[in-house]
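# Summary of structural features
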Amino acid sequence: MRNLLVIFALFLPIIGLTSSVDSLKYVDAATLPVIGKGFDDTQTRYERLPASLEKITRPPVWGLSKNPSGLAIRFRTNSPLIAAKWEVTKDVFMNHFTMTGIKGLDLYCLKNGKWQFVNSARPKEKSTTAVIIKNMPGEEMEYMLYLPLYDGLKSLEIGVTADSEINPPMVNSPQTGSPVVFYGTSITQGGCASRAGMSYPNILSRMLDREIINLGFSGNGRLDLEIAEAMASIPASCFVIDCLPNVDVALMNKNYSRFLEIIREKKPETPIILVENIFYPHMYFDQKVFEAIQEENATLKRIFQERKKDGDKNIYYVKADKLIGDDNEATVDGVHLTDMGFLRIAENLYPAIRKRIQ
């Protein structure tokens, strides 16, 4: 009996947050600004690549571009309660990744000039209705709602009390117009953050107070040249290339320099930051993995040095030795990061990006 009471007590906060949804008014999030999109001409609102790439880029890249990682809805409201109704497209499940990270929503509030976590909206199935926060004082405040990292988003409505207002933001934060563009792998996309706001590009967006564009494609950050061409069309303040976990030396030798050249053809002065492959904890036991990472990082260093020698004054390099710490405790599965790992990589990339953006 005592155990049953403990279990019931643990679920009381959840019961409280999922009540009172019937009396709310819901606003289609399509009427509010979305940040984090690099391209306006997408097939639907909540995806990451232009429609013109559907028949050009590889099918896995195209499919992953339907995941709205890095996108967020900005709004302000005086509602004492905020809820959401949303439907994902695939109802993705993974055995090493939380549902709140894969297909949940993540609410932040701008307080004293800083973005503060409010609460996450927990998915139940393909369609979910949930109260995210309630019992607030009812003062008008600025909010940001991060979208799912690893599932598509078919529809989204934001709920407030019937007598409250919900409007576009008045504060331009994170600052839009000259985003930091990230290209990379599952780690860049956000695997395996416990919630959407904890992917390292999203953490850096708050740290830098700058819009980010997330072009991380799980298992498929493979230096596809059409992606470089698309990236070069974005009015970026900085490009961060973090794709080594998905490539080998042969592919690097074939495409990496050309990938950079394509960006440079349209963006000759924009800073580009090259990031080494993080040190996986299991590489200290698996000698094949150890040798592969060492060889990839050495190849990247050579490519960087060649570009510097050729006169590229705005290319920079981040070594892997401190990116996720040295205690080997920053991953879920030896590769994908925990929230601690994402925070560490964000903190280590921050100074390299901060000093390069205008």
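Up top is the structure.
Residues numbered from 1 in each chain as written. Predicted model: local features only at pLDDT ≥ 70, side-chain atom pairs only at ≥ 80, totals over all residues. Heavy atoms only, no water.

Turning our attention to the nonpolar core. One broad rule of soluble globular proteins: the nonpolar side chains tend to lie buried together. If you look at the biggest cluster of nonpolar residues, it comprises 45 residues, and the most contacted ones within it are Val 180, Tyr 200, Leu 323, Leu 349 and Ile 353. Looking at this core, the elements that each hand over two or more residues are β5 (105–111), β8 (141–146), β11 (175–184), α5 (200–208), β13 (238–242), β14 (272–275) and α9 (339–354). In terms of residues, this core owes the most to one element, α9, which gives 6 residues. Dropping the residues within four chain positions of it, Leu 323 is found in contact with Val 275, Glu 276, Ile 278, Val 318, Arg 344, Ile 345, Asn 348 and Leu 349. One finds Leu 64, Val 181, Leu 223 and Ile 262 within the second-largest nonpolar core, a separate group that totals 37 residues. (Core = buried A, V, L, I, M, F, W, Y, C linked by side-chain atoms within 4.5 Å. Buried < 20%, exposed > 50% of the residue type's maximum accessible area, 1.4 Å probe, protein only. Helix = DSSP H or I, 4+ residues; strand = E, 2+ residues; numbered from the N terminus. Contact = heavy atoms within 4.5 Å.)

Glancing now at the layout of surface pockets. Its boundaries defined by the atoms lining it, the largest pocket holds a volume of some 230 Å³. In terms of lining residues, the largest pocket is bounded by 15 residues, among which Lys 66, Asn 67, Thr 89, Gly 152 and Leu 153 are the most central. Listed by contribution, the elements that provide at least two residues to the lining of the largest pocket are α2 (59–64) and β9 (153–160). Along the lines of polarity and charge, the residues of the lining of the largest pocket split into 5 nonpolar, 5 polar and 5 charged. (1 Å grid on protein atoms, 1.4 Å probe; cavity = no way out; pocket = protein on both sides within 12 Å on 5 of 7 lines; lining within 4 Å. Points joined across faces, edges and corners; volume = space filled by probe spheres on them. Nonpolar A, V, L, I, M, F, W, Y, C, P; charged D, E, K, R; others polar.)

A separate point is the pairing of strand β6 (residues 114–121). As judged from the 7 bridges shared by β5 and β6, these two strands associate in the antiparallel manner. Within β6, the position partnered with Lys 111 by the bridge is Lys 114. Linking β5 back to β6 in an antiparallel pair, the connection comprises 2 residues, with Asn 112 at a positive phi of about 55°. (Pairing = 2+ DSSP bridges.)

Further remarks concern the pattern of salt bridges. If the charged atoms of two oppositely charged side chains come close together, the side chains can form a pair. Under the defined criterion, the tally for this structure stands at 13 salt bridges. Put simply, Glu 265 and Arg 258 hold a salt bridge, and the shortest N to O gap is 2.8 Å. Take Glu 265: its relative accessible area is 54%, and that puts it in the exposed class. A relative accessible area of 32% places Arg 258 in the partly exposed class. A salt bridge links Arg 264 to Asp 312; the shortest N-O distance between them is 2.8 Å. Note that Arg 264 is positioned in helix α7 (residues 249–266) and Asp 312 in the loop between α8 (287–309) and β15 (315–318), a separation of 48 residues in sequence. (Salt bridge = Lys/Arg side-chain N within 4 Å of Asp/Glu carboxyl O.)

On to the packing of aromatic side chains. Tallying each qualifying case throughout the model produces 9 aromatic pairs. For the ring pair Tyr 183 and Phe 259, a centre distance of 4.9 Å and an interplane angle of 35° mean the geometry is tilted. In this pair, Tyr 183 is assigned in strand β11 and Phe 259 in helix α7, connecting sequence segments 76 residues apart. Exposure remark for Phe 259: the relative accessible area of 0% places this residue in the buried category. Connected via pairs of aromatic rings, a cluster forms that spans Tyr 108, Phe 117 and Tyr 146. For Arg 195, the ring lying beneath its charged end belongs to Phe 117, and the centroid distance is 3.6 Å. (Phe/Tyr/Trp six-rings, centres within 6.5 Å; stacked < 30°, edge-to-face > 60°. Lys NZ or Arg CZ within 6 Å of the ring centre and 35° of its normal.)

What follows concerns unusual backbone geometry. The amide bond that connects Ser 173 to the next residue, Pro 174, takes the cis arrangement and shows omega of -10°. Among the secondary structure elements, Pro 174 is positioned in the loop between β10 (166–167) and β11. Look at the link from Gly 191 to Cys 192: it is a cis peptide, with omega at 10°. Tracing the chain through its elements places Cys 192 in the loop between α4 (186–189) and α5. Positive phi outside glycine occurs at Asn 135, with the angle close to 65°. With respect to the helices and strands, Asn 135 occurs in the loop between β7 (127–133) and β8. A relative accessible area of 71% places Asn 135 in the exposed class. A positive phi angle is found at Leu 223, which is not glycine, with a value near 60°. Along the chain, Leu 223 turns up in the loop between β12 (210–216) and α6 (225–231). Residue classification places Leu 223 among the buried residues on the basis of a relative accessible area of 0%.

Coordinates in, geometry out; function isn't part of it.
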